[in-house]
Amino acid sequence: MRPTDAWSRASKFWAAEREVWIVKHVLPRDSVAMSLLICSNCESKTPAHEIVCGDCGVPLAAPRKREKSEAIDERAQGLSVVIGRGFDCDIILDARQISRHHCRLTKIQPTGELGELERWLLEDLSAANGTFVNDRFERVQSRVVSEEDVLFLGSYRFPVRRVREFLDTDHDTPHVGTNYLPMEQAIITIGRDVDNDVLLDDPQVSRRHARLVREADELYLEDLGSANGTFVDGQRVTRHRLEPGQDISFGTCALRLDLERGILQKSYRGDILLQAENLVVEVGEGDHIKRLLDDVSFTVYPTEFVGLLGPSGAGKTTLLMALIGYLRPAFGRTLVNGDDLATNFDRYRNAIGYVPQEDIIHSELTVFEALYYTAKLRLPADTTDAEIFRRIDGVLADLEISQTRDIRIGSPERKGISGGQRKRVNLALELLTEPSLLCLDEPTSGLASEDAANVMGLLRKLANGGRTILLTIHQPSPQVYKMLDNTLYLAAGEQVYYGPAYPDSMLYFHPEIEPDSVEAEEILADPGSCMRPLMEAARAGEPMETFAARYRQSRYFDEFVRERREDPREVKLSKKSPRRPPSFSVRQWWTLSRRYLDIKLKDRVGTAILLVQAPIVAVLLALVFAQESGGLISRLQYAPFALFLLVVAAVWFGCSNAAREIVSEQAIYRRERMVNLSVLAYAASKFTVLGGLCFLQCLMLMTITYFTLDFWGNPLWHLGVLWLCSLAGLGLGLMLSALVRTGEAAIALVPILLIPQVILGGAIMPVDRMNAPTELASKMAIARWGFEAALHVEHRSDAYEISAAQQPDMVSAAMVSQAMLAPSLQAEMGALTPLPPNPLNRFLGDAETGLSRNLGVLGGFTVIFFGGVCGFLYLRERRWDI
Ligand SMILES: Nc1ncnc2c1ncn2[C@@H]1O[C@H](COP(=O)(O)OP(=O)(O)OP(=O)(O)O)[C@@H](O)[C@H]1O
């Protein structure tokens, strides 16, 4: 059959939704396809969007809502599905490689045999770039294919299995298919809940996400306060008047609205077509600019699985980071489905999954707990626990790690799950939200070859399911090369190859070798030798630009870069929508705090070490001061020092509890921040949990010393002062943690923060006797304000009042004091001098302020340090561009 005959053919099929026959015209190029309903009364044909017959006026049955069990099969019998770039196609794949009407698949009636695969008749519709099956050597005109086959439309990969995704409304499948709209209704609701008129079974969609509202002759799309937003042509909308041909996305779920046919259909735009356009990344190094990536361009189609290869330091990680919007390129851009990622980041934020080289999981949690908290943080707020449990179990099953569900993750030092399983758990975190684009940095590093092959096999399966996957990898085996679709080779930031992975990329650097020769076989069996000429040239100092220039002359560049590249005129230049920083939510703060508390409770040894510090310090203070405690002399002479040390200990607790807490999880923080983490919620969760820990420490400290050292002040006030001191110390420690790059640096710097507390706190040198700059510096010390506050608390309870009866004791007090001095000093002092009557005068003198001022300053420190933590976290981001 000639293609033109095929296009003009009309097919008639029973549409159960409207209980009528429908004639569907598949028209020649550039004309619009149309469906007509056949009236059961007079058999005349009426356009499908009408609700009464145009001839006899008999009502035509409205599309009815499909039941869960109602699969597409009855529609699929004899169904022809046209795939192409044209808007009238059943499956629209909007890529340059694809012809307007590229090919047709016609369902073949099943024979009913057990285990029978779904089969289709494939017909090429004279597509310019041809249709191929399973590999790109066998161009076909017509052939029977099964759901296990893969079509190549030009170089565009399309697994036959995916046909069902575009058509199927069966809710058991994770993808959104064709939804028939009840066009007779004034309001059509859209969401994840089963009672919506349009059910979108996608984790990024809210229960009640949006609605279509008909007003007069116009149709409006209204967002119903969804978590991930409703977008029309890339712009987030709250209410928007729809026009034909507009792209609609609910979160990352992209759909095509066909008003004429009254259907909302899975759109190709739900998949990700990723394009790097002349990417250049540079960093400042001293007074010159270092170029990390030089003019990298390539296109990755949906379902493609692409490996980024190259020697160490070639720029693979840098490229991944630039592709996903982590690094801002100096020149060039990344396009996602034709949209500039930099200006549409919010729209695609949730569609991008990124697994960095480092683990992004807390080793103290079990696999289930890690996934649960991530789901709580990333999925819409209205996702129930039951839904989360289902998703977790589904993802674990997909990744074949269900058996690890309740095992603690552990770390290489403290064994939990295996290395391969840990890589999969990292991946599982990302899969919870079903991202369409997955970027992985060395997912197989450190794995045994069998484990690595398993992980790669799994990724291959995910790509076949519709995901676009890029990963960096070192020295893949021939088996892994075969799994990849394309590879991109980088050398010193230059793109030296992008094209088919096997065998082309393995032989590319050996142009002198015939593809079918024995030498070629040897290279294909030994991947290490693939890049040898490149490595040797690099070692000989040959510039890599030579190889980049050679690649630009190659047929691979023509086919995989130039021909795939969107024509700049066709690139959608959407209005700039700056990235909206994730906003604070109580729910996020609560989830982060719960997770953090869980981690602290699970880290029994670490938390016990922190907690045990308090009684140790308290007992030591009791040992030193208890023998001197009791009576006025002690309160005047020794108790202030005990109070000072308590204050310093409280600051120390806060500071040392916090110093490693941000820096040690920076990879996790960065990843979560990229998705939706609010800095405020994150910092607040740290203060909440560590503040609780500080409270327990201060409580133990106070309880033990209060009863052993004869303090007079109200114990609750004392506890409050110590807690405020430790909260301020906590803020100081967290600021340090947000500033440094390694945990070791943080620990090394803690003493630098604490020593000034001791020196400037006012106990060693009274504040009013310090010179002006030192006194100013002492105002910055937490301990100075805490010490004064503690003295005030004692003073308020008359601890330092000297009654008339105690006056004679004054002399003996002075004597005791002087008797403690060395004999030479006693002689030097001569006559007895009375002790200062009040420690407030003795340690502060004219510098004394009130208790409320002390407490205000301590609270102020905490607030300022909290702000400092947030500020340093934001500062860190300037380099990442998120
Ligand atoms: N912020 C930066 N400042 C200066 N140089 C940088 C920066 N980031 C990366 N580089 C340098 O850029 C080059 C590429 O780094 P990148 O991490 O992308 O390489 P890679 O190919 O991923 O290496 P590997 O395979 O070892 O992970 C390296 O030489 C690295 O030192």
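From a predicted model like this one, the values you see are computed outputs, not experimental measurements.

Digging into the side chain of S726
Within the secondary structure layout, S726 lies in helix α22 (residues 715–739). Apart from the residues lying within four places of it in its own chain, the contact partners of S726 are A650, V651, G654, C694 and C698.

A few points about the packing of aromatic side chains
Evaluation of the coordinates by the stated rule reveals 26 aromatic pairs. Arranged with centres 6.1 Å apart and planes meeting at 35 degrees, the rings of Y372 and F389 form a pair that is tilted. Here Y372 is found in helix α6 (residues 367–378), whereas its partner F389 is found in helix α7 (residues 385–398), with 17 residues between them in sequence. Judged by relative accessible area, Y372 falls into the buried class, the value being 8%. Residue classification places F389 among the partly exposed positions, given a relative accessible area of 33%. Ring geometry for Y669 and Y682: centres 4.7 Å apart, planes at 45 degrees, overall tilted. With a gap of 13 residues between them, Y669 in helix α20 (residues 666–675) and Y682 in helix α21 (residues 679–708) connect regions that are remote in the sequence.

Comments concerning the domain arrangement of the chain
How big an interface is tends to be reported as the loss of accessible area on association of its parts. You can read the domains of the chain as domain 1 (80–162), domain 2 (178–270), domain 3 (274–351 + 436–562), domain 4 (361–434) and domain 5 (588–799 + 840–879). Each of domain 3 and domain 5 has a C-alpha centre, and the two are 50 Å apart. For the pairing of domain 3 and domain 5, the buried interface totals around 550 Å² over both sides, and the portion due to carbon and sulfur atoms is 52%. Between the two partners, domain 3 and domain 5, sit 0 salt bridges. If you look at where domain 3 meets domain 5, you find 3 residue pairs in polar contact (both at pLDDT 80 or more). Within the side of domain 3 that touches domain 5, the residues separate by chemical class into 5 nonpolar, 1 polar and 1 charged.

Notes on the sheet that holds strand β11 (residues 150–153)
Reading across from one edge, β9-β11-β12 is the order of the 3 strands in this open sheet, with antiparallel pairing throughout. At either margin of the open sheet sits one strand with a lone partner, and together these are β9 (131–133) and β12 (156–159). Looking at each pair of strands side by side, their axes are set apart by 25 degrees on average, direction ignored.

Focus on the UniProt feature "domain: ABC transporter" (unreviewed entry) in the chain
UniProt's feature table lists "domain: ABC transporter" (unreviewed entry) at residues 274–517, given in the numbering used throughout. As annotated, residues 274–517 has a helix share of 33% and a strand share of 27%, and its two end C-alpha atoms lie 36 Å apart.

Points about the pattern of salt bridges
Side-chain pairs of opposite charge can arise whenever the charged atoms involved come near each other. Per the stated rule, a full pass over the model turns up 38 salt bridges. Salt-bridge contacts for R192 lead to E387; the nearest nitrogen and oxygen are separated by 2.8 Å. Of this pair, R192 sits in the loop between β14 (187–191) and β15 (198–199) while E387 sits in helix α7; the two residues are 195 residues apart in sequence, bridging distant segments of the chain. For R192, a relative accessible area of 9% gives the class buried. A salt bridge links E277 to R333, with the nearest nitrogen and oxygen atoms 2.9 Å apart.

Description of unusual backbone geometry
The amide bond that connects Y502 to the next residue, P503, takes the cis arrangement and shows omega of -5 degrees. The residue P503 is located in helix α11 (residues 501–507) in this model. Phi at D295 takes a positive value of approximately 55 degrees, unusual for a residue other than glycine. Positionally, D295 belongs in strand β25 (residues 288–300). The residue N337 is not glycine, and still its phi comes out positive at about 50 degrees. By the element assignment, N337 lies in the loop between β27 (331–336) and β28 (339–340).

Section: the layout of surface pockets
When its volume is computed, the second largest pocket comes out at roughly 1200 Å³. Elements with a minimum of two residues in the lining of the second largest pocket: α8 (419–431), α16 (586–602), α17 (604–625), α19 (639–658), α20 and α23 (743–760). Element by element, the count of residues in the lining of the second largest pocket is highest for α23, at 5 residues. A per-class count over the lining of the second largest pocket returns 15 nonpolar, 16 polar and 15 charged.

What to know about the site of the ligand
If you check the shell around the ligand, you find 16 residues, and the closest are S312, K316, T317, T318 and H474. T317 is positioned with one of its side-chain polar atoms (N or O) 2.7 Å from an oxygen atom of the ligand. Relative to its unbound accessible area of 630 Å², the ligand is 66% covered by the protein chains. Every element with two or more residues in the shell around the ligand is listed here: β24 (274–285), β25 and α4 (316–323). Among the elements that make up the shell around the ligand, the one with the highest residue count is α4 (3 residues).

Concerning the nonpolar core
Among soluble globular proteins, nonpolar side chains are generally buried collectively. Counting 106 residues, the largest nonpolar core has F298, L319, L427, L459 and L470 as its most contacted members. Leaving out residues up to four positions away in the same chain, L470 has contacts with L274, F298, V300, V306, L308, L320, L323, L437, L438, C439 and L440. A650, V721, L727 and M735 belong to the second-largest nonpolar core, a separate cluster that totals 79 residues.

Concerning the pairing of strand β33 (residues 494–500)
For β33, the tally of buried residues reaches 7 of 7 residues, placing the bulk of the element in the interior. Connecting strand β32 (residues 486–491) to the antiparallel partner β33 that follows it, the hairpin turn spans 2 residues, and A492 within it adopts a positive phi of roughly 50 degrees.

Let's talk about the side chain of E559
Here E559 is to be found in helix α15 (residues 555–562). Ignoring any residue separated from it by four or fewer positions in sequence, one finds E559 in contact with Q97, R136, S155 and R564.

About the criteria used
Residues numbered from 1 in each chain as written. Predicted model: local features only at pLDDT ≥ 70, side-chain atom pairs only at ≥ 80, totals over all residues. Heavy atoms only, no water. Helix = DSSP H or I, 4+ residues; strand = E, 2+ residues; numbered from the N terminus. Contact = heavy atoms within 4.5 Å. Phe/Tyr/Trp six-rings, centres within 6.5 Å; stacked < 30°, edge-to-face > 60°. Buried < 20%, exposed > 50% of the residue type's maximum accessible area, 1.4 Å probe, protein only. Domains from an automatic or database assignment. Buried area = accessible area lost by both parts, 1.4 Å probe. Salt bridge = Lys/Arg side-chain N within 4 Å of Asp/Glu carboxyl O. Polar contact = N/O pair within 3.5 Å; in protein donor to acceptor, adjacent residues only side chain to side chain. Nonpolar A, V, L, I, M, F, W, Y, C, P; charged D, E, K, R; others polar. Pairing = 2+ DSSP bridges. Axes fitted to C-alpha atoms, helices over the stretch in contact; angles between N-to-C directions. UniProt positions renumbered as here; feature names shortened; annotations may be inferred. 1 Å grid on protein atoms, 1.4 Å probe; cavity = no way out; pocket = protein on both sides within 12 Å on 5 of 7 lines; lining within 4 Å. Points joined across faces, edges and corners; volume = space filled by probe spheres on them. Near = heavy atom within 4 Å. Areas by Shrake-Rupley, 256 points an atom, 1.4 Å probe, with all protein chains shown as cover. Core = buried A, V, L, I, M, F, W, Y, C linked by side-chain atoms within 4.5 Å.

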